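Chain by chain, the residues:
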Amino acid sequence: QVRLVESGGALVQAGGSLRLSCAASGRIFSINGRGWYRQAPGKQRELVARITSGSSPEYGDPAKGRFTISGDNAKLTVYLKMNSLKPEDTGVYYCNFPAFPSGFWGQGTQVTVSS
């Protein structure tokens, strides 16, 4: 059984920073493509960032220039450092590890950015 445990979400003021963490356990077969998605109230879930098999991670437009994704392959972890947070970054952030058909998802961690 695969389990993803996320942490690090919090209430923060605009301009602040947070670091999200995700640790996976269980039968994980693929670590390339693991990353973070978010869902704001009334909106669809969107990509924030993910680690790829290439040299550079993939970032969603809202994350470019402000967020940095990293991870430890051996420990099955993935982290998201978020700087210069904006109120529009508010949402539930989900960790994802790729797997057929829809991947493994964490329970989500709430990030709230106040103006």
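Here's a quick rundown of the structure. Once a new chain begins, its residue numbering starts again from 1 and follows that chain's sequence as written. For a predicted model such as this one, the threshold for reporting local features is a pLDDT of at least 70, and the threshold for listing and counting side-chain atom pairs is 80 or more; totals across whole chains, interfaces and linings nevertheless cover every residue. The side-chain values count all of the structure's non-hydrogen atoms but skip hydrogen atoms and water molecules.

Here the focus is the pattern of salt bridges. Each reported salt bridge corresponds to a side-chain nitrogen of Lys or Arg within 4 Å of a carboxyl oxygen of Asp or Glu. Counted according to the given criterion, the structure contains five salt bridges. Of the charged contacts, one joins Arg 66 and Asp 89 as a salt bridge, the two residues approaching to 2.7 Å between their closest N and O atoms. Of this pair, Arg 66 sits in the loop between strand S6 (58-59) and strand S7 (67-72) while Asp 89 sits in the loop between strand S8 (77-82) and strand S9 (91-97); the two residues are 23 residues apart in sequence, bridging distant segments of the chain. Comparing Arg 66 with Asp 89, the two get one shared label, buried. Put simply, Arg 38, Glu 46, Arg 66 and Asp 89 are held in one network by salt bridges that share partners. Secondary structure elements are taken from DSSP: a helix is a run of H or I of four residues or more, a strand is a run of E of two residues or more, and numbering for both begins at the N terminus. Three exposure classes are used, based on accessible area relative to the maximum for each residue type with a 1.4 Å probe and protein chains only: buried under 20%, partly exposed in between, and exposed over 50%.

So, on to the side chain of Thr 90. You can see Thr 90 is positioned in the loop between S8 and S9. Throughout this description, a polar contact denotes any pair of N or O atoms lying within 3.5 Å of each other; where both atoms belong to protein, one of them has to be capable of donating a hydrogen while the other can accept it, and for residues adjacent in sequence the pair is counted only when both atoms sit in side chains. Only 2.9 Å separates the side chain of Thr 90 from the backbone nitrogen of Val 113, close enough to count as a polar contact. Note on contacts: a residue pair is in contact if any heavy atoms of the two residues lie within 4.5 Å. Excluding residues that lie within four positions of it along the chain, Thr 90 makes contacts with Ala 40, Gln 110, Val 111, Thr 112 and Val 113.

Another aspect to go through is the environment of Arg 27. The residue Arg 27 is located in the loop between strand S3 (18-25) and strand S4 (35-39) in this model. Under the relative-accessibility criterion, Arg 27 is labelled exposed at 58%. Residues Arg 27 and Arg 3, spaced 24 residues apart in sequence, show a C-alpha to C-alpha distance of 8.9 Å. With residues up to four places along the chain from it excluded, the contact list for Arg 27 reads Gln 1, Val 2 and Phe 104.

For the rest of this paragraph, the subject is the state of the cysteines. Between two cysteines, a covalent bond joining their sulfur atoms is known as a disulfide. Disulfides are defined in this document as cysteine sulfur pairs within 2.5 Å. Going through the model one piece at a time under the given rule, you end up with one disulfide. With a sulfur-sulfur separation of 2.1 Å, Cys 22 is cross-linked through a disulfide to Cys 95. Looking along the S-S bond of the Cys 22-Cys 95 disulfide, the torsion reads about -80°, which is the left-handed sense. In this pair, Cys 22 is assigned in strand S3 and Cys 95 in strand S9, connecting sequence segments 73 residues apart. Residues Cys 22 and Cys 95 agree in their burial class; the two are buried.

A few words now on unusual backbone geometry. Backbone phi values are negative for most residues with the exception of glycine, while trans is the configuration of most peptide bonds. Looking along the chain, the bond that leaves Phe 100 and enters Pro 101 is cis, with omega of 0°. By the secondary structure assignment, Pro 101 is in the loop between S9 and strand S10 (104-105). Here Leu 76, not a glycine, exhibits a phi torsion of approximately 55°, which is positive.

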